[in-house]
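Working through the structure, step by step
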Protein chains: 2
Amino acid sequence: MLVRIDQKSNEPLYLQLRSQIIASIAQGDLEPGDALPSVRSLASDLGINLHTVNKAYAVLRDEGYVVMRGRSGAYVADPSDHGEAQAEAGLARMDAAIRALALEFRAHGGSKEDFIARAAAQADRAYEEER
Amino acid sequence: MLVRIDQKSNEPLYLQLRSQIIASIAQGDLEPGDALPSVRSLASDLGINLHTVNKAYAVLRDEGYVVMRGRSGAYVADPSDHGEAQAEAGLARMDAAIRALALEFRAHGGSKEDFIARAAAQADRAYEEER
DNA sequence: GTGTATTTGTTCGTATGTATT
DNA sequence: TAATACATACGAACAAATACA
């Protein structure tokens, strides 16, 4: 699993880790059923504390991306297993985030068409297979 | 200026305030040159501490949305006055945020077309005049 | 089977920074 | 400025599980 974190970023480490794992799932680098590394091994690889990895796993579990099987470890969840309420909450959260970004873009003087084009361009990048 | 904040949200108050002021600028409720309320009056209106409002204003100043004129108060900046480097940094930040959202959407099993449609729908809402 | 060593996630405590009053 | 509450990140120790001679 390809993960790199920036110690001197303002974004919390566990959220960086969360985003990277979600990206790995999105791009097919991690598939449903795959086992995630143990918190200790991943923490060691990244040079961070095991609690930070554990917290990232916990939020991914809360969001339905992974399932924890006790000491057996964490596994990538099947998208069809994402709870209904969970999925809706996630979509609502994403909608709000996109709308906030669009408002920022407009406040900067950008046009609606430019924003949509920009979003489409980033979607293209997000939906590439590998890099 | 129409601003409402949610005391029991997990999002920090000063960031909520920042988003709402950006939204007001985006929707034309606040225009370049307009004076923002004093930190004291706005804090009083919202029932929060003046330091919290002051922090929101400071962030908006750092991002180029408003200019502070000492004791005269805070004023909405002209978009054309946004520094070049500042504007580019903002766009880069927004691109990264949109790409991260697209990756989340993909990890949930959503298609690229659906994501773009969703982004366009939120852009429509962000570019409405008033509500 | 038994005993030991290793690996695992969890619990508790601590230090530091941030948000808010 | 000072005080508070909370969030973030780390370290040490624990108990269940696994591996293996």
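Residues numbered from 1 in each chain as written. Chains lettered and ligands numbered in written order. Predicted model: local features only at pLDDT ≥ 70, side-chain atom pairs only at ≥ 80, totals over all residues. Heavy atoms only, no water.

So, the protein's contact with DNA strand C
In the vicinity of DNA strand C, 17 residues are found, and the nearest of them are A:R40, A:H51, B:L13, B:Y14 and B:K55. The sugar-phosphate backbone supplies 59% of the atoms of DNA strand C found within 4 Å of the protein. With respect to DNA strand C, the backbone of A:V39 contributes an N or O atom lying 3.1 Å from a phosphate oxygen. One nitrogen or oxygen atom from the side chain of A:N54 is found 3.4 Å from a phosphate oxygen belonging to DNA strand C. Contributing elements (two or more residues each) for the surface near DNA strand C: helix 2 (39-46) and helix 3 (50-62) of chain A together with helix 1 (13-26) and helix 3 (50-62) of chain B. Classifying every residue of the surface near DNA strand C by side-chain character gives six nonpolar, eight polar and three charged. (Near = heavy atom within 4 Å. Polar contact = N/O pair within 3.5 Å; in protein donor to acceptor, adjacent residues only side chain to side chain. Helix = DSSP H or I, 4+ residues; strand = E, 2+ residues; numbered from the N terminus. Nonpolar A, V, L, I, M, F, W, Y, C, P; charged D, E, K, R; others polar.)

Topic: the relation of the copies chain B and chain A
Superposing chain B onto chain A requires a rotation of 180° together with a translation of 0.0 Å along the rotation axis, leaving an RMSD of 0.2 Å. Interpreted geometrically, this transformation is the action of a two-fold axis. (Least-squares fit on C-alpha atoms with pLDDT ≥ 70 in both.)

Quick look at the pattern of salt bridges
Throughout the structure, instances matching the rule amount to twelve salt bridges over all chains. Between A:D62 and A:R61 there is a salt bridge, and its shortest N-O distance comes to 2.8 Å. Residue A:R61 is classed as partly exposed on the basis of its relative accessible area, which comes to 38%. Put simply, A:R18, A:E63, A:R93 and B:E104 are held in one network by salt bridges that share partners. (Salt bridge = Lys/Arg side-chain N within 4 Å of Asp/Glu carboxyl O. Buried < 20%, exposed > 50% of the residue type's maximum accessible area, 1.4 Å probe, protein only.)

Concerning the interface of chain B and chain A
If you look at the interface, chain B gives 41 residues, while chain A gives 41 residues. Taken over both partners, the interface formed by chain B and chain A buries close to 4400 Å², and the fraction arising from carbon and sulfur atoms is 64%. Looking only at chain B, the three residues that lose the most surface to chain A are B:R106, B:H108 and B:Y127, adding up to 18% of its buried area. Note that B:R18 and A:E104 form a salt bridge whose closest N and O atoms lie 3.2 Å from each other. (Contact = heavy atoms within 4.5 Å. Buried area = accessible area lost by both parts, 1.4 Å probe.)

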